[in-house]
Amino acid sequence: MTGSGSSETPARAKLKMSCAHCGLPVPKPLIRAEGHSFCCSGCDAVYEILHSENLDDYYRLREEFASAPQKASRISGKDFRYMDDSEFLTRYAIPKAEGRLEIRLYLEGVHCAACTWLVEKVLLEREGAAFAQLDQGRSLLDIVFDPRTTPLSKLARALDRFGYTPHPLIENSAARIQKKESRALLMRMGIAGAVAGNIMLLAAALYAGEYSGIDPEQANLFRWLSLGLSLPAVFYSAQPFFKGAWAGLRMKMLHMDLPISLGILAAFSISVYGTLLQRQEVYYDSVAMLIFLLLAGRMILNRATSRAAEAAESLLDAAPKTVRKEEDGKTEEIRLELAEPDDVLLVLPGEIIAVDGVAVQNGGWVTEAHLTGESAPVYKGDGSNVYSGSIVVQMPLRVKITATGALTRLSQIAEMIRRAGSERAPMVRLHDKIAGYFVGTVLTLATITGILWWNLDPSRWLWNVAALLVVTCPCSLGLATPVAFAIAMGRAAKRGVYLKSAEAIERAAKVRHAVLDKTGTITSGAMEIGSLQFAPGLNAAEQETLLKELAALETFSVHPVATAFRSWARGDMSVEDVRVHAKGIEGTLAGQILCAGSKEFMRDCEILIPEWAQTIQGNVYCARAGQVVAVTMIEDRVSPEAKQAVGELHAMGIELEILSGDRAEEVSRVAEFVGVSAARGGASPEEKLARVRELEARGTKTIVFGDGVNDSAALSAATLGVSAADASEVARGAADVFVSRRGPAALSELLSLSRRTMKTIRLNVVIAVLYNLTGAALAMAGLVSPLLAAVLMPISSLTVLTLAVRGPRV
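Rules of the game
- Residues numbered from 1 in each chain as written.
- Predicted model: local features only at pLDDT ≥ 70, side-chain atom pairs only at ≥ 80, totals over all residues.
- Heavy atoms only, no water.
- Helix = DSSP H or I, 4+ residues; strand = E, 2+ residues; numbered from the N terminus.
- Buried < 20%, exposed > 50% of the residue type's maximum accessible area, 1.4 Å probe, protein only.
- Contact = heavy atoms within 4.5 Å.
- Areas by Shrake-Rupley, 256 points an atom, 1.4 Å probe, with all protein chains shown as cover.
- Core = buried A, V, L, I, M, F, W, Y, C linked by side-chain atoms within 4.5 Å.
- pLDDT = per-residue confidence, 0-100.
- Expected span 1.5 Å × (residues − 1).
- Pairing = 2+ DSSP bridges.
- Axes fitted to C-alpha atoms, helices over the stretch in contact; angles between N-to-C directions.
- Salt bridge = Lys/Arg side-chain N within 4 Å of Asp/Glu carboxyl O.
- Phe/Tyr/Trp six-rings, centres within 6.5 Å; stacked < 30°, edge-to-face > 60°.
- Lys NZ or Arg CZ within 6 Å of the ring centre and 35° of its normal.
- Disulfide = S-S within 2.5 Å.
- Parallel < 35°, antiparallel > 145°, perpendicular 65-115°, else oblique.
- Left-handed = near helix turned anticlockwise from the far one by under 90°.
- Nonpolar A, V, L, I, M, F, W, Y, C, P; charged D, E, K, R; others polar.
- Polar contact = N/O pair within 3.5 Å; in protein donor to acceptor, adjacent residues only side chain to side chain.

Let us now look at the overall build of the protein. A tally of helices and strands in the protein yields 28 helices and 27 strands. Residue burial in the protein is summarised as follows: out of 810 residues, 51% are buried. Of all intrachain contacts in the protein linking residues separated by at least 6 positions in sequence, the fraction that spans at least 24 positions is 66%. Carbon together with sulfur atoms contributes 56% to the accessible area of the protein, which is approximately 37200 Å² in total.

The structure is reproduced here in structure tokens:
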């Protein structure tokens, strides 16, 4: 390649001095007399790699879809080989079937649905990944790959080549990198704003000169100064739009940023043309302000979508970062990530358990509100499972670790919420596809507009085309559905309703029939005294005294049964030598031993159970001085809001029935109390499944609310399956939704939220379509300037966001 001569055109000279790889100008010292020239050693190296690997089609595609200049390639020295290390994969990847692994990475440079399509296309169709799904809101990528045939480092390098630099999720690296990108976006916006402000001062002089007169040389100087000031805005601040458009063109896709980029370049080009010809018509101020407004709109949208994706993170915020490890009689505080399975941890009262494990050395009491929504403590004896997020109460607890980090049950719930945010419902996928066709339509209309105005008024054709390209950006159409889903799922999560996918909302809105289990779904889990029988011969005063004594004894226990006694009576007596056991409690009061517990506890303590007590149906026995003096039945009462929730479901047009494996008389009692007319007890898993299939076969969309293994088949067969608090792992896996609290109120909230969400989405789509049609018509008529278009474009998106935020509420 040689230097340019006087006979060569400027375009030809520029071509000869362009980098053979990225197309940027080549510094004079690097221009080679023969062969290709490069702007830097990075481009030189990348060029050689592409040719040695027979990837020459890259350049053919680049020439075919020529667009804004590329950023020079910089080789950082990172080859991502550390991602192939066995220790790295063991720590951060999850084993899948057939030897595959799954890992989550954070990607830089993601800002729209088109980026999602591009990343998934590259990994799945070109690089051999078995699965790839990008959560646009948080820039998190899930990949399933076979390390034997497709190393993770290869996938990482492929992403990096397209500008999506991957990072492993270590501690808070995702938030840190995302914050860095937000600062970079703010910097671009700030520069564009500063440039626009300064150019406006020069523009004011030029506009004033049109009426009062201005020296031609001075006017020309102001135009050139404006050109110089606008360069940082166009070639730095607007870079995200150019990169998005170029990445889409390389993949033969019409990116949403393409019309925006063309609009910016069109406005800038006509101004440069006016400067070279020393004409008055230059609009650098409008170009800079256009870029500033577009970046401001993007920043607002990014923040809104990021906030909508944060519901899952709150589950893990309170987890401790250090734990106490017991070994050889010594206690050592270590970082959580250093804890391993089979280690024994000491957790003090009031502290949160950071791992999954089993209780050892006499066990203890914990609350599992994070997992079940119930604040009542439960006793964990030796060998009982304890879960991350539980809080230790009353006494220290020793836990033998079975799982840490991402493998804990709490983390899996949080992961379920994260995946729900990243999975796109059928309606979202349809809208993404429509947005792609929409860009093509916009480009066609822009061509028609240019031809029409070239014939009507050649001085306005480029500005009208630029206005059309900007005002019809399909951002609002692309945001209408996913943002509404994300916000609805976030609000549901705050109420203890966790959806596995956005599709669950779409399906819930279609439900017309609900099949409810009884235990754990309608009942609240709060214990109360249902019946109480005293020993014959005890008068009213003695009975009242006994209740006060039991209440005083139970103040030393956090068991739900103790709560039932304390709510029945108040005892302020002094109890000594209290001992809490797994099946009961005992203490000394006024010189006599007082006990309360199960029949087995009475027998273990060698307490006499009289004949009258043998015939009474009860589950808690109370004894004094070695003999049972009262028998009570502690019951799991119906959820207080169950009756109201059932009424709300009826008001929504939902038909309800209770289908339970419990005793028929107990099911009928609960059904009558809450107001459900159809109820059947003693139902087997097969009968539940058959009933759901019968309803579905008739075209009735059904929701099943259950918590046991016997409900799992019905949960899978229904239009929507909802697992209740304390549901079995099988039921949890079969369900589409998990609620962390008891009672059908969550069901009512879910269905109401789903219907409102779908209503909001339909309204958003109508608004987005009407906005784009109106904007396109006004721009083609020459009634909208590029600057006004830049103002209207984010306003339409913010309107959609506002409706999404204010619309679906629980």
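Now that the structure is up, let's keep going.
For the rest of this paragraph, the subject is the nonpolar core. Counting residues in each nonpolar core, the largest one holds 55 residues, and the members touching the most others are Phe241, Ile264, Val287, Ile291, Leu294 and Leu295. Secondary-structure elements contributing two or more residues to this core are α7 (173–212), α8 (216–237), α9 (239–250), α10 (257–276), α11 (284–308), α14 (426–456), α15 (461–471) and α27 (745–780). Not counting the four nearest positions on each side in its chain, Val287 is found in contact with Val234, Ile264, Ala267 and Phe268. Membership of the second largest hydrophobic core comes to 46 residues, among which are Val483, Leu499, Ala642 and Val676.

Counting all residues, the mean pLDDT for the protein is 75, and 72% of those residues have values of 70 or more. Mean pLDDT across the secondary structure elements of the protein bottoms out at helix α1 (residues 10–16), with 37, and peaks at strand β16 (residues 513–516), with 91. Across residues 1–16, where pLDDT falls below 50, the model places 15 contacts with residues more than four positions away in sequence or in other chains. Counting contacts from residues 307–312, a segment whose pLDDT is below 50, to residues more than four positions away or on other chains yields eight contacts.

Right, let's get into α27. Residues separated by three or four positions in an α-helix point in the same direction, a consequence of the helix having 3.6 residues per turn. In this model, α27 (36 residues) spans 52 Å end to end at C-alpha, consistent with the 52 Å of a helix rising 1.5 Å per residue. Just downstream of α27, Gly782 is the residue with a positive phi angle, here 80°.

Another aspect to go through is the sheet that holds strand β25 (residues 702–706). Pairing is mixed across the open sheet formed by seven strands, whose spatial order is β15-β27-β26-β25-β16-β23-β24. Whereas interior strands pair on both sides, the edge strands pair on one side only; in this sheet they are β15 (497–499) and β24 (678–680). Strand-to-strand, the axes of this sheet are offset by a mean angle of 20°, without reference to chain direction. Looking at chain direction, β16 and strand β23 (residues 655–659) are connected through four bridges and run parallel. Residue pairing across strands places His513 opposite Glu655, the latter belonging to β23.

Across all of its chains, the model carries 16 salt bridges by this definition. Glu503 is paired through a salt bridge with Arg507; the nearest N and O atoms lie 3.8 Å apart. With Glu503 and Arg507 both in helix α17 (residues 503–508) and four residues apart, the pair spans about one turn of that helix. Judged by relative accessible area, which is 30%, Glu503 ranks as partly exposed. Since its relative accessible area comes to 21%, Arg507 is described here as partly exposed.

In the structure shown here, the tally under the stated rule is four aromatic pairs. Taking 5.8 Å as the distance between ring centres and 80° as the angle between the ring planes, the aromatic pair formed by Trp454 and Trp461 counts as edge-to-face. Plain terms: the ring middles of Tyr498 and Phe738 are 5.9 Å apart, the flat faces sit at 20° to each other, and that makes the pair stacked. Placement of the pair is Tyr498 in strand β15 and Phe738 in strand β27 (residues 737–739), with a sequence separation of 240 residues. Here Tyr498 matches Phe738 in class, with each residue buried. A network of ring pairs unites the aromatic residues Phe235, Phe268 and Tyr284 as a single cluster. Just above the ring of Tyr236 sits the side chain of Arg188; from NZ or CZ to the centre is 4.5 Å. A cation over a ring is seen here: Lys643 above Phe673, with NZ or CZ 5.7 Å from the ring centre.

The next subject is α9. Over its twelve residues, α9 extends 16 Å from the first C-alpha to the last, a length consistent with the 16 Å expected when each residue adds 1.5 Å. With eleven of its twelve residues buried, α9 lies for the most part within the structure. When α9 is considered as a whole, its buried residues turn out to be Gln239, Pro240, Phe241, Phe242, Gly244, Ala245, Trp246, Ala247, Gly248, Leu249 and Arg250. Following α9 by one or two positions, Lys252 adopts a phi angle in the positive range, close to 60°.

The final tally for this structure, using the stated rule, is zero disulfides. Sulfur of Cys605: no disulfide; nearest cysteine sulfur belongs to Cys595 and is 5.2 Å away.

Turning our attention to the packing of helix α22 (residues 642–651) against α27. Between α22 and α27, the shortest axis-to-axis distance is 8 Å and the interhelical angle comes to 30°. By the angle class used here, α22 and α27 are roughly parallel. Every pair of crossing elements has a handedness; the one defined by α22 and α27 is left-handed. Mapping the contact onto sequence places Ala645, Glu648 and Leu649 in α22 and Ala745, Leu747, Ser748 and Leu751 in α27. Looking at the contact of α22 with α27, its residues break down into five nonpolar, one polar and one charged.

A separate point is the pairing of β25. Most of β25 is tucked away: five of the five residues are buried. Neither face of β25 is exposed, since Thr702, Val704 and Gly706 on one face and Ile703 and Phe705 on the opposite face are all buried. Two strands pair when backbone bridges link them, and β16 and β25 are joined in this way by four bridges, in the parallel orientation. When the sheet's bridge partners are listed, Val515 is paired in β25 with Val704. In the sheet, β25 pairs with strand β26 (residues 720–723) via four bridges, with the strands oriented parallel. When the sheet's bridge partners are listed, Val704 is paired in β26 with Gly721.

Once that is clear, we can look at the sheet that holds strand β13 (residues 391–393). Sheets are built from strands that pair by backbone hydrogen bonding, the pairs being arranged parallel or antiparallel. If you walk across this open sheet you meet the three strands as β11-β10-β13, and the pairing is antiparallel. Each edge of the open sheet carries a strand with a single partner, namely β11 (378–380) and β13. Neighbour-to-neighbour, the strand axes of this sheet turn through a mean angle of 45°, independent of strand direction.

Moving on: the side chain of Thr702. Along the chain, the position of Thr702 falls in strand β25. Owing to a relative accessible area of 0%, Thr702 belongs among the buried residues under this scheme. Excluding its chain neighbours within four sequence positions, the residues that come into contact with Thr702 are Val511, His513, Val515, Leu695, Glu696, Ala718, Thr719 and Leu720.

With respect to the helices and strands, Asp142 occurs in strand β4 (residues 140–145). Reaching out from Asp142, the side chain makes a polar contact with the side chain of Arg104 at a distance of 2.7 Å.

Their axes nearest at 5 Å, the elements α8 and α9 cross at an angle of 40°. The angle between α8 and α9 places the two elements in the oblique class. Facing α8, whose interface residues are Val234, Phe235, Tyr236 and Ser237, α9 presents Gln239, Pro240 and Phe242.

Let's shift gears to unusual backbone geometry. Its identity as a non-glycine residue notwithstanding, Glu98 has a phi of 60°, on the positive side. As for its placement among the helices and strands, Glu98 is situated in the loop between β1 (94–95) and β2 (101–107). The phi dihedral of Glu606 falls on the positive side, at around 55°, and the residue is not glycine. Along the chain, Glu606 falls in the loop between α20 (599–604) and α21 (611–614). For Glu606, a relative accessible area of 73% puts it in the exposed group.

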